[in-house]
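Report on the structure
Chain residues, written in single-letter form:
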Amino acid sequence: MTAQQRSPMSIPGIQSLGPLVDRVRSEGGQATGDLVREMRTVGESARASSLDDLARLCRVAAETIEGLASSGAFDEHADLVLTHLTNLVEFASKCDAMLTVGGDPSTLVPPSLLVLQDADERRHFAETLAMFLSQAVGSMQELEEEILSLETVDKPEETVAGIRRSMHTLKAEFGVLNMNGPQKLCHQAETTIDACTEHGVPFPVDLMLQVVDQLKTHLEALSRDTKASFGDITALLDRLRAVAEQACGGSAGQELVKLTVGGEFADSLTEFVTEARAHLTDAEGAMVALSSDPEDLESVNLTFRAFHTIKGVGGFLNLTPLVELAHAAETLLDGARSHRLTFGTMEIDLVLAAGDMIQQMINSLEGAPGPSQREWKLLISRLVAAAAGGTVRQHAVEVPSAAPRHEAPPAPSSPPPVAPAAVAPPVQEPPAIPPKPAPKPAPAANQRPPAATPKSAPAPAAPATEGDGKGPRVERTIKVSTTRLDMLVDMVGELVIAQSMVLQDPAIQRLDSQSLARNIGQVGKITRDLQEAAMSLRMVTVKATFQKMARLVRDVAGKSGKKVALVIEGEETELDRNVVEQISDPLVHMIRNAIDHGIEAPDDRRSKGKDAEGSLSLSAYHQGGSIVIEIRDDGRGLDRQKLISKALEKGVLPPDTNPQAMSDAEVYNLIFLPGFSTAEKVTDLSGRGVGMDVVRRNIEALRGKIEIDSRPGEGTTFRMRLPLTLAIIDGMVVRVGSNRFVLPTLSIEQSFRPSADDVHHLVDRGECVHVRGAVLPVYRLKDIFAQGDGLDDLAEGILIVVEVDGMRSCLFVDEILGQQQVVIKSLGMPRERVTGLSGGAIMTDGRVALIVDVGTLIESALSA
Amino acid sequence: MTSTAVAPNQGAAGVFAAGKFLSFQLSKEEYGIAILKVREIIGMVDVTPLPRTPDYVLGVINLRGRIIPVLDLRRKFGMEPAPFTNETCIVVVDVGKDQDNAFRVGCIVDTVSEVMTIGAEHFEPTPRCANAAGDYIAGLAKLKDRVLILLDIERVISDLDPTLLSQGA
């Protein structure tokens, strides 16, 4: 499909471009009509021959000239336009010439796009350029050092990865500045680095240094003259390509699908990535919904739109392989939409696989490895075959037959890893890349669940030539680094403290002024609002995580041969971003366990009089300042007896344990012990006894808690109680002597003042106290933290009952001062973690109070 | 703690480049630390004692929203404790390999005196002495009318975290 098909067809119309340009040159703006028409024709045929660079150049030029002519401003910009056109025509004929001799025109370096700049834009461009230059010179230096250090460094992989990232960044920056030559060079360098890394070929140090030199020279030239032209890099590009091909060696088809970001919207890549991910999540959710209700056309529509939008926006960014895949998936979905196909498991699996691969490709834009060419081709052909239904066309089967596991299919000779045309899918119509950027974003946005938070709907930027933004407005978002957010939150925390210090300053309180009091009150209110707003910046919904679980449920249920219906509630609940990221793993383990161990096989269920389909519910809700995430199944429940006997057998419980004395919670908590599993056999799903241990660790790392409720035969509920954010905890402020400590409310059960009768001294075992029938050990914070001036008599102070790992104990303090939320800060000690303390909090008087880590505190008291 | 970049006894000039030093009083002696390590000087504030740390770690303070430990240099050097006065200061220093990972710590001194420029010609090697502070002295600076003890503050702090030095501070 490459050279053979292209070589005979030189691009029609190219020859006539030159004379038309000359005519415009002599006659001015009135004569542009023909040129624009011809330009479009050339552009389209270029597109058909996969000459993406040329196609884009022609399209942009045609649009710009047309715009200029219609607004009568052509003559004003005539010089610029004509110079550009001359370059364009020259490039076009080069491409044409290349085609006729059977070469690959994608190796040519295209001229820059035609960009008209008014004074403002020019200034903006100059500023951007200046900023870029100042950074780039530094990063070139670093890059050079890194490359040189490769010869001495221990772990070249990391350095190579660093170099590759730098290259990638440079590429993107050149792209933003519309400097095609350097962009292309960086891209090829990146490709070559990849190829070398992947195939274990030593890093081509000399060659890369040449690349750096070339770029450096150009940067220097640019700093003198912003219009400096990029030197001739054809030779360098050829050498890079040769190295890459050599590295790939005979392993054609193994190489990864490469995405080249290009096009005039390259700088909107980050938005694309974010949005595409959101779309994929939606699509995945919809597909899972569809699998439970095959008649659910709305889900099909939603997925169709998701893929369609990804395809459209991907098209602007010239992500051809991605576009082709999205297109294939879309075609398949269209079959379902038009009732030509019924969507069964196979089709859903295919669409899900397409979603996964697109996800992988998107990840590859950020540096992760992409899918291999072969996987990509295979998937597309399967999608196409499925879309064609029973009447599989001859050529559609050809590719799958080439896919079996043994050696690669006859790959195109000299495989340019970048040329997507070489692996174009056997779809009848050419991948329909919409010529006009407007893949109906509006309906897609409307159809989203209304509560979807400000994640902006896909807003393909309006064509560069008409930037006044007509059409529906979408909420704008920007990306901000989390460190900056944290800094903001920190500073707001400071403000809150400073404000209350001012408020409590005796000098202020002596002033008897109503207006002052009012103003201070106002400042206080604004401060609190500000704090809330700052905190909310970090909050995201659990929706994405929950939808991932929907997918997991479907897969695990399929694997274990069970039927499970998943009910999701409260997916709009918001949590701190860090927390959301870290609950994913525990959820995976718990859901796997619930399905594998909890829910019975369909026959089993029927014989017990239950619905053959098990039900699993995943819900999130607020409860008393924390977030609860609940996983409830209606399976067989935990078997108390079995757990105890297993624990005795494994020696987890001492042999003299009296099972009757153990509370249900204590028994259930056994499953969190490492290596504890009641599964008779280890499956690939679960049973190794690692999972629940991980669950508990992760949740504790988040300062959360997990509880289990279970009824034999009726099911099990896991309840994770998590803090809203990691930065703030609810604390009980207590006093011991002259110092204050903060105890996390989460670990506190109750507090009381003991009467002398309740306290018992055990020989060699310290003190204990009777609390509602239980005997609990007493630890004195005064002794543990050496607070000499604390109270000694238990009856004068307060005992606080805390629970850690299902073990209850009492902490003795002088007094409870109150309850408040505190921002956790590091103590600034070099070795972090002082035993028994988890950090410090700055109190409203500006002083520091220490936050007690009850777990390590008791541990250390026990070992002392 | 053998042969790191900081080697206190191999001739003072090898340790401290000539430059500006902050001088401060501790008991009867005058000490100096390189001004580049000093971040700021604040008056004495409320210190929250930090249990389970060496006794010379007096506790932690709130330095504009950041919690930092403060060290009592008198106690560290085995001197008689003295009550805090209006003159008592906390010298906040940054130690560590780079700005981003700097370990910030406050050192309590009796009083700070001045910032002075000391030329290389004034440096003297450390005499061998039995003072507990001996390990932490990088050299002496002989001035017209007095002697300044140049403190190797990184060594003082590396007692809390030995990795500070091995990472090539």
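Residues numbered from 1 in each chain as written. Chains lettered and ligands numbered in written order. Predicted model: local features only at pLDDT ≥ 70, side-chain atom pairs only at ≥ 80, totals over all residues. Heavy atoms only, no water.

1. Topic: the sheet that holds strand S10 (residues 137-142) of chain B
Residues and elements named next belong to chain B. Worth spelling out the cut-off: Paired strands, as defined in this entry, are two strands with at least two bridges between them according to DSSP. Secondary structure elements follow DSSP: runs of H or I of four or more residues count as helices, runs of E of two or more count as strands, with numbering from the N terminus.
Pairing is mixed in the open sheet, where six strands are placed in the order S8-S1-S2-S11-S10-S9. Here the strands that pair on one side only, and so sit at the sheet edges, are strand S8 (111-118) and strand S9 (123-124). Bridge count for S10 against strand S11 (residues 147-151) is five bridges, and the pairing is antiparallel. The partner of glycine 139 across the bridge, within S11, is leucine 150.

2. Quick word on the sheet that holds strand S4 (residues 614-623) of chain A
Residue and element names in this part refer to chain A. Condition: Angles here are taken between N-to-C directions and fall from 0 to 180 degrees, while the axes themselves are lines fitted to C-alpha atoms, restricted in helices to the stretch in contact. Any pair of residues with heavy atoms lying within 4.5 Å of one another is described as a contacting pair.
Read across the sheet, five strands follow the order S2-S4-S5-S7-S6 without closing on themselves; strand pairing throughout is mixed. A strand with exactly one partner marks an edge of an open sheet, and here the two such strands are strand S2 (564-569) and strand S6 (705-711). On average, each strand axis in the sheet is tilted by 15 degrees relative to the strand beside it, whichever way the strands run. Two elements, S4 and strand S5 (residues 626-633), share eight bridges in a ladder whose sense is antiparallel. Directly across from glutamine 623, in S5, lies its bridge partner serine 626. Together, S2, S4 and S5 form the strand contacts of helix H21 (residues 543-560), whose direction differs from that of S2 by roughly 170 degrees. The strands that helix H22 (residues 577-598) touches are S2, S4, S5, S6 and strand S7 (715-723); relative to S5, the one it contacts most, it runs at about 20 degrees.

3. Some points on the side chain of glutamate 600 of chain A
All names here are of chain A. The following threshold applies: Relative accessible area decides the class of each residue, using a 1.4 Å probe on protein chains only: under 20% of the type maximum gives buried, over 50% gives exposed, and in between gives partly exposed. We define a polar contact as two N or O atoms separated by no more than 3.5 Å, with the added condition that, inside protein, one atom must be a possible hydrogen donor and the other a possible acceptor, whereas residues neighbouring each other in sequence contribute only through side-chain atom pairs.
The residue glutamate 600 is located in the loop between H22 and helix H23 (602-607) in this model. Residue classification places glutamate 600 among the buried residues on the basis of a relative accessible area of 0%. Within polar-contact distance, the side chain of glutamate 600 engages the side chain of lysine 608 at 3.4 Å. The residues contacting glutamate 600, other than those within four sequence positions of it, are Lys562, Arg605, Lys608, Lys610, Asp634, Gly635 and Arg636.

4. A closer look at the confidence of the model for chain B
Residue and element names in this part refer to chain B. Our working rule: Per-residue confidence from the predictor is reported as pLDDT, a score between 0 and 100.
Here chain B averages 79 in pLDDT, and 78% of its residues register 70 or above. Element-level mean pLDDT values for chain B span from 43 in helix H1 (residues 12-15) up to 92 in strand S3 (residues 38-43). Within the model, pLDDT remains below 50 along residues 1-14, and this stretch shows 22 contacts once partners closer than five positions in the same chain are excluded. Between residues 165-169, whose pLDDT stays under 50, and residues either more than four places distant or in other chains, the model counts nine contacts.

5. Description of the interface of chain B and chain A
Heads up, the condition is: Simply put, the buried area is the total loss of 1.4 Å probe accessible area from both parts when two parts are fitted together. Each reported salt bridge corresponds to a side-chain nitrogen of Lys or Arg within 4 Å of a carboxyl oxygen of Asp or Glu. Amino acids outside the nonpolar list (Ala, Val, Leu, Ile, Met, Phe, Trp, Tyr, Cys, Pro) and the charged list (Asp, Glu, Lys, Arg) are all regarded as polar, and Gly is one of them.
Contact residues are listed per partner, giving 24 residues for chain B and 22 residues for chain A. Surface buried jointly by chain B and chain A totals about 1900 Å² across both partners, of which 63% is contributed by carbon and sulfur atoms. Looking only at chain B, the three residues that lose the most surface to chain A are Pro51, Arg52 and Ile67 of chain B, adding up to 36% of its buried area. The tally of links between chain B and chain A comes to one salt bridge. Residues aspartate 46 of chain B and arginine 847 of chain A are paired through a salt bridge, measuring 3.8 Å at the closest nitrogen-oxygen approach. Linking chain B with chain A are four residue pairs in polar contact (both at pLDDT 80 or more). For the side of chain B that touches chain A, the elements supplying multiple residues, two or more each, are strand S4 (57-63), strand S5 (66-72) and strand S7 (103-109) of chain B. Of the residues assigned to the side of chain B that touches chain A, the class counts are 13 nonpolar, five polar and six charged.

6. A closer look at the packing of helix H11 (residues 269-292) of chain A against helix H12 (residues 297-316) of chain A
All names here are of chain A. What counts, and what does not: Roughly parallel means an angle under 35 degrees; roughly antiparallel, over 145; roughly perpendicular, 65 to 115; everything else is oblique. Left-handed describes a crossing in which the near helix is turned anticlockwise from the far one by less than a right angle; the clockwise case is right-handed.
Look at H11 against H12: their axes get within 8 Å of each other, and the N-to-C directions meet at 160 degrees. Between H11 and H12, the angle falls in the class roughly antiparallel. The handedness of the crossing between H11 and H12 comes out as left-handed. Contacts between H11 and H12 involve Phe272, Ala276, His279, Leu280, Asp282, Ala283, Ala286, Met287, Ala289 and Leu290 on the former and, on the latter, Ser299, Val300, Leu302, Thr303, Ala306, Phe307, Thr309, Ile310, Val313 and Gly314. Along the lines of polarity and charge, the residues of the contact of H11 with H12 split into 14 nonpolar, five polar and one charged.

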